[in-house]
Amino acid sequence: MAAWDLSVSVEELGPDAPPLKISVTSDLHIGGVILKVVEKSRESMSDVLFRRVFICALAGIIPKLANGMPAFFTETPETEAVYKMLAVSQPAPAPETIAKLYRSTNITEKAHINSRWLDSSRSLLQQGVQYDADAVRLTQLYEQARWAILLEEIECTEEEMMVFAALQYHIGKVSLTEQFVASCPAMDDLDSALQCLEVKMEGESSADDMLETMTAPELHDYLKIFRPKRLTLKGYKQYWFTFKDTTISYFKSKEESCKEPIQQMNLKGCEVAPDVSVAGQKFCIRLLIPGPEGMNEVYLRCEHEQQYSRWMAACRLASKGKTLADSSFSSEVQSIQSFLAMQKTTPSTNAAQTDESINTHSLVSPRYQKKYKPKQLTPRILEAYQNVAQLSLTDAIQKFLQIWQALPDFGLSYIVVRFKGCRKDEVLGIANNRLIRIDLSVGDVVKTWRYNTMRQWNVNWDIKQVAIEFDGNVNIAFSCVTADCKIVHEYIGGYIFMSTRSREQSNTLNEELFHKLTGGHEAL
């Protein structure tokens, strides 16, 4: 069998780029040769960008501060004015302006948005995107979150919307008198300021994790359970529940908890969402639990917010394969209680309760603009405002981002796909820690697969098909309808690469792993 080393020039790499070197054999068809060229050129492009960013970090070629802003913004009064404008949240737009802006009306339209991702092998600057640091970066992140809420790109409850509105109102007020101080501790290191927004994924279980599981604490309490089924009027029914490891068991009563449970539900890989109304004293947890024939919907109802905070935190951890012994359990409980406290109404005789200067319809999404009149929204927003009025500008923005990040659909990107063996299109939801199969016609979650159960995946570039193997001999394959399969490949590879990173390793990059996960033909 003959073999040759080919030298191939690729115009897209630039006139000064050296030819690519590839080795081929006589049994390789022309499609295979082209594939090798594509892979090699993609690796070369990523390699240049990857090395350029890393070299800049090592050489200290980063924006230097002058008067609290990157030095190049202080060159002229005009550029300084631009920085100050970008670093401050802009006033709320008129309701009619919001109404004219494009909003995705269904999951298919959301999926089409994700077909327009930028090329990961080229820098933002090369693709015409200017991105700055410090206060500008934090403010722009806030604007992204704010518009995601106003344009209903992400779902939230009515009470959550009132908290978002109150925070917007507060941020708008303090922005007029308070500015970011670049020398303050929170802004000396922007990464520290955004630490609460870091995306962390679950890794493989370690020996310490196994030891924790063996000695994990448990939850015991009376809760009510409801399983929505068609053609049934049955409501919530009370049982004695226990939560151990990642499994919920329930019994007819506490006295019978030493017997076999009525049912056990393993929450690993499930979907968890709140169904809460603080004003109505409704504290429910919605669970979508993976089963042989799809996702089983279950509601748990708690008696009060303290009970809800503990069980909700436990459910969230269990969905990620973690137990009550995990170090994040206490902070998760505190975070839930803090957010519930922000939703409590605190009626006041303050004159601000009748403040007619609030542009309420510019603080909530069109859904609530239609549902309520301004005179109905104003007191509710101002009641929520009493809980955030003491926050500084930076703290208020960070609180907004924290709540945004805690929403069940946060970080989900949608792509319409066709699963192998199926005749109809479906939606694939891609999150930082899992893939979600969604019924396109009704929007229901059909199945969830977590990355930490993934054994391998690869892409057949000839037929544009992604194939993934999970633990338990679970195999799926699909072709992408609304986006290039490269986008799915880079999403998965990028998220898994980020899961290998830590703050301590911020200056150490595994270049080979990066290219293997995001640009190689075989990902793992």
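For clarity, every value in this text was computed on a predicted model and none was experimentally measured. (Residues numbered from 1 in each chain as written. Predicted model: local features only at pLDDT ≥ 70, side-chain atom pairs only at ≥ 80, totals over all residues. Heavy atoms only, no water.)

Visitor: Explain the overall build of the protein to me, using residue names and the numbers behind them.
Guide: From N to C terminus, the protein includes 16 helices and 18 strands. By the burial criterion, 43% of the 524 residues in the protein qualify as buried. Sequence-distant contacts, at least 24 apart, represent 59% of the contacts inside the protein between residues at least 6 apart. If you sum the accessible surface of the protein, you get close to 28500 Å²; carbon and sulfur atoms cover 52% of it. (Helix = DSSP H or I, 4+ residues; strand = E, 2+ residues; numbered from the N terminus. Buried < 20%, exposed > 50% of the residue type's maximum accessible area, 1.4 Å probe, protein only. Contact = heavy atoms within 4.5 Å. Areas by Shrake-Rupley, 256 points an atom, 1.4 Å probe, with all protein chains shown as cover.)

Visitor: Outline the packing of helix 6 (residues 158-174) against helix 13 (residues 374-385), supporting the account with residue identities and numerical values.
Guide: Closest axis-to-axis distance for the helix 6/helix 13 pair is 8 Å, and the angle between their directions is 75°. Relative to helix 13, the element helix 6 is oriented roughly perpendicular. Here E158, M162, V163, A165, A166, Y169, H170 and K173 of helix 6 come into contact with helix 13, specifically with L377, R380, I381, L382, A384 and Y385. Across the contact of helix 6 with helix 13, the residue classes tally to ten nonpolar, one polar and three charged. (Axes fitted to C-alpha atoms, helices over the stretch in contact; angles between N-to-C directions. Parallel < 35°, antiparallel > 145°, perpendicular 65-115°, else oblique. Nonpolar A, V, L, I, M, F, W, Y, C, P; charged D, E, K, R; others polar.)

Visitor: Help me get a handle on the state of the cysteines, residues and values and all.
Guide: Counted according to the given criterion, the structure contains zero disulfides. As a non-bridged cysteine, C270 has C315 as the owner of its nearest cysteine sulfur, 6.7 Å distant. The thiol of C480 is unpaired, and the distance to the nearest cysteine sulfur, on C485, comes to 5.6 Å. Since its relative accessible area comes to 18%, C480 is described here as buried. (Disulfide = S-S within 2.5 Å.)

Visitor: Tell me what's going on with the sheet that holds strand 12 (residues 413-419), and back it up with residues and numbers.
Guide: The strands making up a sheet associate through backbone hydrogen bonding, with each pair oriented either parallel or antiparallel. Reading across from one edge, 15-14-13-12-18-17-16 is the order of the seven strands in this open sheet, with antiparallel pairing throughout. In this open sheet, the two strands that pair with only one neighbour each are strand 15 (445-450) and strand 16 (454-460). Each adjacent strand pair in this sheet contributes to an overall mean axis angle of 30°, direction not counted. Pairing analysis gives four bridges linking strand 13 (residues 426-430) to strand 14 (residues 434-438), with the strands arranged antiparallel. Opposite I430, over in strand 14, you have L435 as the bridge partner. (Pairing = 2+ DSSP bridges.)

Visitor: Lay out helix 14 (residues 393-406) with the relevant residues and their values.
Guide: In this model helix 14 runs 20 Å from its N-terminal to its C-terminal C-alpha over 14 residues, within 8% of the 20 Å that 1.5 Å per residue would give. In terms of burial, helix 14 is a largely internal element, ten of the 14 residues being buried. For helix 14, the complete set of buried residues consists of L393, T394, A396, I397, Q398, K399, F400, L401, I403 and W404. (Expected span 1.5 Å × (residues − 1).)

Visitor: I'd like a rundown of the environment of K375, residues and numbers included.
Guide: Note on placement: K375 falls in helix 13. Separated by 15 residues in the primary sequence, K375 and T360 place their C-alpha atoms 8.7 Å from one another.

Visitor: Before we move on, could you go through the packing of aromatic side chains and cite the residues and values that matter?
Guide: Under the defined criterion, the tally for this structure stands at 18 aromatic pairs. Taking the centre distance of 5.0 Å and the plane angle of 70° together, the rings of Y169 and Y385 count as edge-to-face. Note that Y169 is positioned in helix 6 and Y385 in helix 13, a separation of 216 residues in sequence. On the basis of relative accessibility, which here comes to 10%, the residue Y385 falls in the buried class. With a centroid separation of 6.0 Å and 40° between ring planes, the pair formed by F283 and Y308 is classed as tilted. In this pair, F283 sits in strand 10 (residues 282-291) while Y308 sits in helix 10 (residues 305-319), placing the two residues 25 residues apart along the sequence. Each member of the pair F283 and Y308 is classed as buried. Through a chain of ring-to-ring contacts, the aromatic side chains of Y239, F241, F243, Y250 and W311 assemble into a single cluster. In this structure, R301 is placed above the aromatic ring of Y236, and the distance from its NZ or CZ to the ring centre is 5.8 Å. (Phe/Tyr/Trp six-rings, centres within 6.5 Å; stacked < 30°, edge-to-face > 60°. Lys NZ or Arg CZ within 6 Å of the ring centre and 35° of its normal.)

Visitor: Outline a nonpolar patch on the surface, listing residues and values.
Guide: Taken together, I30, I34 and V38 make up a surface patch of nonpolar side chains, about 280 Å² in accessible area. Structurally, the position occupied by V38 is in helix 1 (residues 30-59). (Patch = residues over 30% accessible without salt bridge, like charges linked within 9 Å, V, L, I, M, F, W, Y side chains within 5 Å. Salt bridge = Lys/Arg side-chain N within 4 Å of Asp/Glu carboxyl O.)

Visitor: Go over helix 11 (residues 329-343) with me, naming the residues and quoting the values.
Guide: Over its 15 residues, helix 11 extends 22 Å from the first C-alpha to the last, a length consistent with the 21 Å expected when each residue adds 1.5 Å. Taken together, the buried positions of helix 11 are F329, E332, V333, I336, F339, L340, M342 and Q343. Lining the buried residues of helix 11 we find helix 6, strand 9 (271-277), helix 10, helix 13 and helix 14.

Visitor: Can you lay out the packing of helix 10 against helix 11 for me, pointing to particular residues and giving the numbers?
Guide: Following both chains from N to C, one finds helix 10 and helix 11 inclined at 130°, their axes separated by 9 Å at the closest point. Comparing their axes, helix 11 and helix 10 come out oblique. Seen along the crossing, helix 10 lies across helix 11 with a hand that is right-handed. Contacts between helix 10 and helix 11 involve E305, Q306, Y308, S309, R310, M312, A313, A314, R316 and L317 on the former and, on the latter, F329, E332, V333, I336, Q337 and L340. Its residues assigned to classes, the contact of helix 10 with helix 11 comprises nine nonpolar, three polar and four charged. (Left-handed = near helix turned anticlockwise from the far one by under 90°.)

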